[in-house]
Number of protein chains: 2
Amino acid sequence: MAPKKIKTNDKHIINLAAIVGGVKSILYHQEDLLAYDCDGFTIHKHLPKAVVFPRNTKEVSEIVKYCSANKLPFLARGAGTGLSGGAIPVNGEVIISMVRMKRLLSVDLENRRAIVEPGFVNLMLTNSISAKGYYYAPDPSSQYCCTIGGNVAENAGGAHCLKYGVTTNHILGLEVVLPNGEIIEIGKNGIVDEPGYDLLGLITGSEGTLGIVTKITVRILKSPESKQTVLAYFDKVEDGSQAVSDIISAGIVPAALEMMDKIAIEGVEAAAFPVGHPKDIEVVLLIEVDGISAGIEEQINQILDVCKKRNVRDVRAARNEEERGRWWANRKTGFGAMGAISPDYLVQDGVIPRSKLPNVLRKINQISEEYGLRIANIFHAGDGNLHPLVLFDAKNPGEIEAALEAGSACLKACADVGGTITGEHGVGIEKREEMRFVFSDEEIIAQTNIREIFNPDNLLNAGKLFPIPGRCVEIKQEMKTS
Amino acid sequence: MAPKKIKTNDKHIINLAAIVGGVKSILYHQEDLLAYDCDGFTIHKHLPKAVVFPRNTKEVSEIVKYCSANKLPFLARGAGTGLSGGAIPVNGEVIISMVRMKRLLSVDLENRRAIVEPGFVNLMLTNSISAKGYYYAPDPSSQYCCTIGGNVAENAGGAHCLKYGVTTNHILGLEVVLPNGEIIEIGKNGIVDEPGYDLLGLITGSEGTLGIVTKITVRILKSPESKQTVLAYFDKVEDGSQAVSDIISAGIVPAALEMMDKIAIEGVEAAAFPVGHPKDIEVVLLIEVDGISAGIEEQINQILDVCKKRNVRDVRAARNEEERGRWWANRKTGFGAMGAISPDYLVQDGVIPRSKLPNVLRKINQISEEYGLRIANIFHAGDGNLHPLVLFDAKNPGEIEAALEAGSACLKACADVGGTITGEHGVGIEKREEMRFVFSDEEIIAQTNIREIFNPDNLLNAGKLFPIPGRCVEIKQEMKTS
C-alpha cells in the first residue's frame, strides 16, 4: 500500500512532514488537532497549527530550525498530563510531541544511573529495574502515564519527594535542543556537580521555555529494604497538623506524609479505590517510612506514639503489602476521585512552611465560604505542599471564573504566610499573574532576561511562566468567552 | 581620639571610604593589601586596588553602584580559603570583604532553617544549634574558618556530602546584590521549589561572577541519633576501591566514605593528628554511617563483611567518640598535613564515576612517574570526588609549572573516563582552560551568555570560571615570571 499523501497546500505542513518522514508523523486536520488543544489544565483551549512526531534528536533540531527560520511558534509536549497548561498552544504553536522518543537507552546499576528519551513513561523506569532492586524516586500521581521529559520540564514532585526530593534532585544530565536548533549536552556523564553555571538546574523546571530536552540521565536508587505505612484519623485539623510537625521534629524523615481532609475523603470513598475511611473524620494522614528493616519498627512505634499524644481517633500500620497498595491507590487517584462528587474541579498547588498548616487550612475554609464553592484538600503535608481542589460546575454561569478566583485566593493565602504558588505543577498559563504574589518586577525581569538569551525570538512556548500584562488580560478575556 | 584620616589623594579610595563609614573600613596601603593578593590557591598573586568592609546590604549595594559607575572592577571575598583562586584580584579589583557581615540572623527550628549573613563561619552554625539537636550538613575541611557566603559561591562540598549533598542542596534562599547594585531576593521564605527559573541554583556555585550574596537562608537538619565510624586497611588499591563500590551496591548510603593512599598516610601520620595507620598499607578507608540507633549496628556489620570479602588486612569500628573524633581530625587536616612531607603541594579536585576508581588511580600513578613528582590521594571515594595532591618544591626551577601540568593531566584523566574537573573547589582561575575538557565551545558560550546578562560590563570577578583564550595565555605567562 502506498503511503498516504499530505492533503494540504500549506507549505509549512508539507515541509515539516518531510523532516519527520512523512504523513504518518504529522497531524494537521482540525479533528486530529482537537486532542491537543489543552493538557491537564482543561479550562483554556487553543488549537495547534500541527503536531509533529520526531523519532530522534536530529529531527527535533531540524523542526526547531525550520520553525525558527519561518517564525512559527513551537513547543514540546509529553503525555499532556501537566496541570498548569504548560503544553497548551496559546499562540497556535507547532506541537513537537515526544511520544515516539520513548526508549530506555541504558541502565548503569553500578553507577546508579539510567539514560532515557523524553517520551519514556515515568513508572516504566521503576518497572524496568525493580527486579534488580532499584527504582526511580520521583513519583507524581500521574506516573503511570506521564513522561520523564514532561517531569523535567515541570520539575515534577510526588508523594515521596519529602524524603527523596523532586525531579531536579534526580537529574544528572540532559541533552537539549536550544531554540536555535543547536544541540547541547549538560552533565554529559551523570556527574552531579558540574563546573560552570548550573544549566542543569536552570533548564529543569523551566517549563519548556528554554529548550527541548531530548535525552535525560537520571539517578536511580536502591529500593529500600523495607517499607511500612500508617493510617491515622484525627477529629481535629489542628491535631492532625500538629502530628505532622511532631513527626518531623522527632527526627523521623518519612518517605511520605500525606493528608486528606473531610471533603477529599468523601471523594476518594465514592471513587474507584475506597478503603473504608470513617465519613465523619476531619483528617486522615498516610505516613510511610522506609529504609533498612532494623529501623522501621522503632520509627513506626514513634509515629504511633506521636499520633496518640495528638488525640488520634484511630491509627494503625498496614497489615500487609496488599493493604498498603490499596491505601496508596486511594490516595494517588484522589484528584480524579473528585469527579465522583463534583462535575468539575480545579486543583491548586501552593507551598507553605509546615508550621503554618492549621492557619492556611482555616483560611482556605474561609475562601470556600466566600466563593460558595466546596474546597477539598489532598496534599503532601510533610513538605507543606497543599493541593486545594476547588469543586465547581462549569454549566453554572460564572462558576469557572469563581473557581479560578478562589484558587488564586488560596495561592495568595500561601504566599502571605511566606509560602509560594507552586510546589510541583508549575506556573504554565494558569498562575502567571500569581507570580506577582512572590516576585518583584526586578526579580521577574532577572528571569525573563534569561529566557531572552536562550529564546530571543520568543518562539518557544511563548506567553508561559511569567506575567505579561497585555497578553494575560487578553487570555483572561478569551477564557471568559470560550 | 579623633578617627584617623584617609592618607591618599585617590578619589575612588576617598569615596569608597565614605560609603563604608571611614578609614577603619578600608585598606589601601600596599603593605595591607599584600594579605589579599591570593586565596587558598597561592600560586598566582595580584594586589587589589583596595579592600572595603561593608556592614550591611545597603553598603554593599552602594559600593557596587560606585564601582559600576566608575568602571572599577570588583569582587567579593569571604575567608579566602577557596582553592581555585576565585577571590584573587587578577584585574586589581576592589575587594568587598564580607567578614563584618557575620551575624546569625535567625534560627527557625520548627521549619528547619536559619538565616545567616555571608561572613558567618560554617562551623559556627552547627555550634550554635547542636545543643538543641540540629546541625548544618555541608562540611568542607575548612569549615572551622570558611564562610557560608564563600561556600555558596563555590558550592562547597565536604566529607558528608555523599549522603547529604553539597551546599546547593542546603540553600533555601539568597539575598543578592546584582552587578548594577540592585538587590534581589530569591527563595524569600525558604521554600525550596520556587516557581520560575532556578536562580537559586544558578547563583549558587557561580563563583561570585553573577552577583554578591548578602543574606543566606540555609536548611538545618536534625542531628542523627547515632553515628559510627569504621577504619579499614587494604593491601591493594583494587580491593579498597571494590569495597567502596560493594558498600554502595549493598544499599548502604554511608554518611561519609573517605579514602587515603600510601603517600597521604605518610603525610597525615607525620602531621598534627597521627592515629597509627600502618605505614606499609596501600589504602585506608574511613567509613561513617549515621541514623537511628536501631539500624546502625546492622549497617556496620554489613560493612565489616564487605571489607572482609575484599581481603581487608584490618578493619574495626571506633571504640568511642574520642577515637572517632581523632580519626576525623586525621582526615580533615589531611591537605595541610602534606606540608609535613613536602615544601609545597597543589591539590586537585576531579570527579569520576565510582566504578572507574582503580583505573584513574593507576593513571594518576603514571602521571606521577611521568612528571617525577609524588602525588598523594586523599578523597571522597563514595562520590568519586578525587583530590590528587601534587607534591613539589617551588624552589626547584620548573617544578611549579610541572606541578600545574601534572594536576591538569589528572583532571584530563578524570574527564576522559566520563568524569569532570571539579567536585567542590570550583574553577576560579586555576581550571579555566580545563573547562575545555568537559564543555564544547557552544556549551561554554551558553554559559558566558548568562554571565553577560547579569554582568554586562564584566566588572564583577572578571576572567574567572571560563576559558578566555587571550587572557589565559597572559596569566600563564605572568605565572611563569612571578
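Residues numbered from 1 in each chain as written. Chains lettered and ligands numbered in written order. Predicted model: local features only at pLDDT ≥ 70, side-chain atom pairs only at ≥ 80, totals over all residues. Heavy atoms only, no water.

**Observations concerning the overall build of chain A**
Phase 1 of the analysis: Tallying secondary structure elements over chain A gives 17 helices and 20 strands in all.
Phase 2 of the analysis: Compactness check: chain A gives a C-alpha radius of gyration of 23 Å against a globular reference of 23 Å for 482 residues, within 12% of the reference.
Phase 3 of the analysis: Seen through its C-alpha atoms, chain A measures out along the principal axes to roughly 70 × 55 × 50 Å.
Phase 4 of the analysis: When each of the 482 residues of chain A is scored for burial, the buried share is 61%.
Phase 5 of the analysis: Counting contacts in chain A only where the partners sit at least 6 residues apart, residues at least 24 apart contribute 72% of the total.
Phase 6 of the analysis: Accessible area of chain A: about 17900 Å², with a carbon and sulfur share of 50%.
Phase 7 of the analysis: Placing the 52 positive and 61 negative side-chain charges of chain A at their respective mean positions leaves the two points 5 Å apart. (Helix = DSSP H or I, 4+ residues; strand = E, 2+ residues; numbered from the N terminus. Rg over C-alpha atoms; globule rule 2.2 N^0.38 Å. Buried < 20%, exposed > 50% of the residue type's maximum accessible area, 1.4 Å probe, protein only. Contact = heavy atoms within 4.5 Å. Areas by Shrake-Rupley, 256 points an atom, 1.4 Å probe, with all protein chains shown as cover. Lys, Arg positive; Asp, Glu negative; His and termini not counted. Charge placed at Lys NZ, Arg CZ, Asp CG, Glu CD.)

**Regarding helix α14 (residues 399-416) of chain B**
All names here are of chain B.
Phase 1 of the analysis: Taking 1.5 Å per residue as the helical rise, α14 with its 18 residues ought to reach 26 Å, and the 25 Å between its terminal C-alpha atoms agrees with that figure.
Phase 2 of the analysis: Of all the residues in α14, the buried ones are E399, A402, A403, A406, G407, S408, C410, L411, A413, C414 and A415.
Phase 3 of the analysis: As for α14, its buried residues are in contact with β16 (344-347), β17 (350-351), α13 (357-371), β18 (375-380), β19 (385-386) and β20 (388-392).
Phase 4 of the analysis: Phi for G418, located one or two positions after α14, is positive at around 90°. (Expected span 1.5 Å × (residues − 1).)

**Observations concerning the interface of chain B and chain A**
Phase 1 of the analysis: Counting residues at the interface gives 66 residues for chain B, matched by 66 residues for chain A.
Phase 2 of the analysis: Here chain B packs against chain A, burying approximately 5300 Å² in sum over the two surfaces, 57% of which is carbon and sulfur.
Phase 3 of the analysis: Contributing elements (two or more residues each) for the side of chain B that touches chain A: β9 (183-186), α7 (199-203), α8 (237-249), α10 (293-309) and α15 (441-454) of chain B.
Phase 4 of the analysis: When residues in the side of chain B that touches chain A are grouped by element, the largest group, 9 residues, is from α15 of chain B.
Phase 5 of the analysis: Class assignment for the residues of the side of chain B that touches chain A results in 27 nonpolar, 22 polar and 17 charged. (Buried area = accessible area lost by both parts, 1.4 Å probe. Nonpolar A, V, L, I, M, F, W, Y, C, P; charged D, E, K, R; others polar.)

**Regarding the sheet that holds strand β6 (residues 113-116) of chain B**
Residues and elements named next belong to chain B.
Phase 1 of the analysis: Ordered by their spatial adjacency, 5 strands build an open sheet running β5-β6-β10-β8-β9, and the pairing between neighbours is antiparallel. In the strand order of this sheet, the two ends are held by β5 (104-108) and β9, each with one partner. Strand-to-strand twist of the sheet, defined as the mean angle between neighbouring strand axes without regard to direction, takes the value 10°.
Phase 2 of the analysis: Where β5 and β6 come together, 4 bridges link them in antiparallel fashion. Considered in β6, the bridge of V107 is made with A114.
Phase 3 of the analysis: Sheet contacts for helix α3 (residues 57-69): β8 (171-177), β9 and β10 (212-219); angle to β8, the most-contacted strand, approximately 50°. (Pairing = 2+ DSSP bridges. Axes fitted to C-alpha atoms, helices over the stretch in contact; angles between N-to-C directions.)

**Let's talk about helix α16 (residues 441-454) of chain A**
Phase 1 of the analysis: With 14 residues, α16 of chain A should reach 20 Å at 1.5 Å per residue; the first-to-last C-alpha distance of 20 Å fits that figure.
Phase 2 of the analysis: Tucked inside the fold, the buried residues of α16 of chain A contact α7 (199-203) and α15 (435-438) of chain A together with β9, α7 and α15 of chain B.

**Points about the packing of helix α10 (residues 293-309) of chain A against α10 of chain B**
Phase 1 of the analysis: Two numbers describe how α10 of chain A lies on α10 of chain B: the axes approach to 7 Å, and their chain directions differ by 175°. Compared by their axis directions, α10 of chain A and α10 of chain B come out roughly antiparallel. Here α10 of chain A contributes A294, G295 and E298 of chain A to the contact with α10 of chain B, which in turn contributes A294, G295 and E298 of chain B.
Phase 2 of the analysis: Taken together, the residues that form the contact of α10 of chain A with α10 of chain B break down as 2 nonpolar, 2 polar and 2 charged. (Parallel < 35°, antiparallel > 145°, perpendicular 65-115°, else oblique.)

**A word on the relation of the copies chain B and chain A**
Phase 1 of the analysis: Each copy superposes on the other: chain B lies on chain A with an RMSD of 0.0 Å after a rotation of 180° and an axial shift of 0.0 Å. Given the turn and translation reported, the copies of this chain are related as if by a two-fold rotation axis. Considering only C-alpha atoms, the residue of chain B closest to the rotation axis is G295 of chain B, which sits at 2.4 Å.
Phase 2 of the analysis: By residue overlap, the copies meet face to face through one surface: 100% of the interface positions of chain B are interface positions in chain A. (Least-squares fit on C-alpha atoms with pLDDT ≥ 70 in both.)

**A few points about the pattern of salt bridges**
Side chains that differ in sign of charge can pair as their charged atoms come close.
Residue and element names in this part refer to chain A.
Phase 1 of the analysis: What the rule picks out here adds up to 50 salt bridges over all chains.
Phase 2 of the analysis: E62 is the partner of K58 in a salt bridge, and the nearest nitrogen-oxygen pair spans 3.2 Å. Linking K58 with E62, this pair stays in helix α3 (residues 57-69), spanning 4 residues, or about one helical turn.
Phase 3 of the analysis: Taking relative accessible area as the criterion, K58 reaches 56% and is therefore assigned exposed.
Phase 4 of the analysis: Across the pair R324 and E288 runs a salt bridge whose closest N-O atoms are separated by 3.0 Å. With a gap of 36 residues between them, R324 in helix α11 (residues 321-332) and E288 in strand β14 (residues 283-291) connect regions that are remote in the sequence. (Salt bridge = Lys/Arg side-chain N within 4 Å of Asp/Glu carboxyl O.)

**Description of empty space enclosed by the protein**
Residue and element names in this part refer to chain B.
Phase 1 of the analysis: Taken as a whole and assessed by the stated rule, the structure comprises 4 cavities of 30 Å³ or more.
Phase 2 of the analysis: Volume-wise, the largest cavity comes out at about 60 Å³.
Phase 3 of the analysis: Considering the residues around the largest cavity, the lining is formed by L231, E258, M259, M260, V275, H277, V284, L285, L286, W327, N330 and R331.
Phase 4 of the analysis: Looking at the lining of the largest cavity, the elements with two or more residues in it are β13 (256-261), β14 (283-291) and α11 (321-332).
Phase 5 of the analysis: Here the lining of the largest cavity is composed, by residue class, of 8 nonpolar, 2 polar and 2 charged. (1 Å grid on protein atoms, 1.4 Å probe; cavity = no way out; pocket = protein on both sides within 12 Å on 5 of 7 lines; lining within 4 Å. Points joined across faces, edges and corners; volume = space filled by probe spheres on them.)

**With respect to the sheet that holds strand β2 (residues 50-52) of chain B**
Residue and element names in this part refer to chain B.
Phase 1 of the analysis: The 4 strands lie next to each other as β1-β2-β4-β3, forming an open sheet whose pairing is mixed. Both edges of this open sheet fall to β1 (26-27) and β3 (74-77), since each of them pairs with a single strand only.
Phase 2 of the analysis: Looking at chain direction, β3 and strand β4 (residues 94-97) are connected through 4 bridges and run parallel. By the bridge assignment, A76 is partnered in β4 with I96.

**Some remarks on the confidence of the model for chain A**
All names here are of chain A.
Phase 1 of the analysis: Mean pLDDT over chain A stands at 91; residues scoring 70 or higher make up 95%.
Phase 2 of the analysis: Here residues 470-482 scores under 50 on pLDDT; set against residues more than four positions off or in separate chains, the count is 16 contacts.
Phase 3 of the analysis: Two numbers describe this predicted complex: its pTM, 0.85, and its ipTM, 0.76. (pLDDT = per-residue confidence, 0-100.)

**As for unusual backbone geometry**
Peptide bonds are mostly trans, and most non-glycine residues show a negative phi.
Residue and element names in this part refer to chain B.
Phase 1 of the analysis: Here E207, not a glycine, exhibits a phi torsion of approximately 55°, which is positive.
Phase 2 of the analysis: Within the secondary structure layout, E207 lies in the loop between α7 and β10.
Phase 3 of the analysis: Positive phi is not limited to glycine here, since L465 has a value of about 75°.
Phase 4 of the analysis: Structurally, L465 can be placed in the loop between α15 and α16 (469-481).

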